[in-house]
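# Chain and residue survey
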Amino acid sequence: MRITLALTSAALALCGAMSVARAQDGAKPAAKTPNVAGKWTGTWTPQDPSGQPSKYPLAAMKLDCEVAAGKDGVYSAVFEGECGRPYKYKIKMDGRQAGPAVLFKGTTDLGPMDGGVYDWIGRASDKVFTGFYTSAGHVGVFKLERAKSELEVLKGK
């Protein structure tokens, strides 16, 4: 009886120690919030909304963006570029941290001349900001990287 009690106590102690060790091994430090505010530059590329091969070339076009962090996960972004004419849109983006990135989503009405209401999602790390947009008649993607001067600021130069 004493041996059984001793073995049971030892087994329980060993299981407890293993559980604590597993919990400590599995504990990951919280991911650093990426700095997504600042200037970005790159391209946006329209896609054929039908999903069929396009009958016309869909070339990537220049896109610049400046992101400002707001309160409670709301960011403000100014997108500026060309689409046969210059444009500049200021939009609000809801963002949440997901590991080493911020995931964005938004809906904005660019007006009837520019395609109406757009929905989009995006992901930004310290260095790359990518996204997908769609509206009733338009679909596309964008890929931005830090503007050169922003990279120098982040590196402390």
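That block above? That's the structure.
Residues numbered from 1 in each chain as written. Predicted model: local features only at pLDDT ≥ 70, side-chain atom pairs only at ≥ 80, totals over all residues. Heavy atoms only, no water.

### Remarks on the packing of aromatic side chains
Summed over all chains, the structure comprises ten aromatic pairs. Taken together, a centroid distance of 5.7 Å and an interplanar angle of 70° make the contact between W40 and F129 edge-to-face. Highlighted residues: W40 in strand β1 (residues 38-47) and F129 in strand β7 (residues 128-135), separated in sequence by 89 residues. With respect to class, W40 is no different from F129; both count as buried. Aromatic side chains F104 and F129 sit 5.5 Å apart centroid to centroid with 50° between the ring planes, which places their arrangement in the tilted category. (Phe/Tyr/Trp six-rings, centres within 6.5 Å; stacked < 30°, edge-to-face > 60°. Helix = DSSP H or I, 4+ residues; strand = E, 2+ residues; numbered from the N terminus. Buried < 20%, exposed > 50% of the residue type's maximum accessible area, 1.4 Å probe, protein only.)

### So, the sheet that holds β1
Taken together, the eight strands give a closed barrel; going around it, the order is β1-β2-β3-β4-β5-β6-β7-β8, and neighbouring strands pair in antiparallel fashion. Across the sheet, the mean angle separating the axes of adjacent strands is 25° when strand polarity is ignored. Where β1 lies against strand β8 (residues 139-146), eight bridges are found, and the strand directions are antiparallel. Bridge pairing links G42 to L144 in β8. (Pairing = 2+ DSSP bridges. Axes fitted to C-alpha atoms, helices over the stretch in contact; angles between N-to-C directions.)

### Examining unusual backbone geometry
For D72, which is not glycine, the phi dihedral falls at a positive 55°. Mapped onto the fold, D72 is located in the loop between β2 (61-69) and β3 (74-82).

### Overview of the nonpolar core
Ranked by internal contacts, the top residues of the largest apolar core, which has 22 residues, are C65, V67, F79, M93, F104, F129 and L144. When residues of this core are traced back to their parent elements, those giving at least two are β1, β2, β3, β4 (86-98), β5 (101-109), β6 (117-124), β7 and β8. Ranked by residue count, the leading element in this core is β4, at four residues. The residues touching F79, leaving out its near neighbours within four places in the chain, are L63, D64, C65, Y87, K88, Y89, I91, F129 and L144. (Core = buried A, V, L, I, M, F, W, Y, C linked by side-chain atoms within 4.5 Å. Contact = heavy atoms within 4.5 Å.)

### Quick look at the layout of surface pockets
In this structure, the largest pocket occupies an estimated 580 Å³ of space. Counting residues per element, the ones that place at least two in the lining of the largest pocket are β1, β2, β4, β6 and β8. (1 Å grid on protein atoms, 1.4 Å probe; cavity = no way out; pocket = protein on both sides within 12 Å on 5 of 7 lines; lining within 4 Å. Points joined across faces, edges and corners; volume = space filled by probe spheres on them.)

### Brief notes about the side chain of T108
Considering the arrangement of structural elements, one finds T108 in strand β5. Look past the residues within four positions of T108 in its chain and what remains in contact with it is I91, G116, V117 and Y118.

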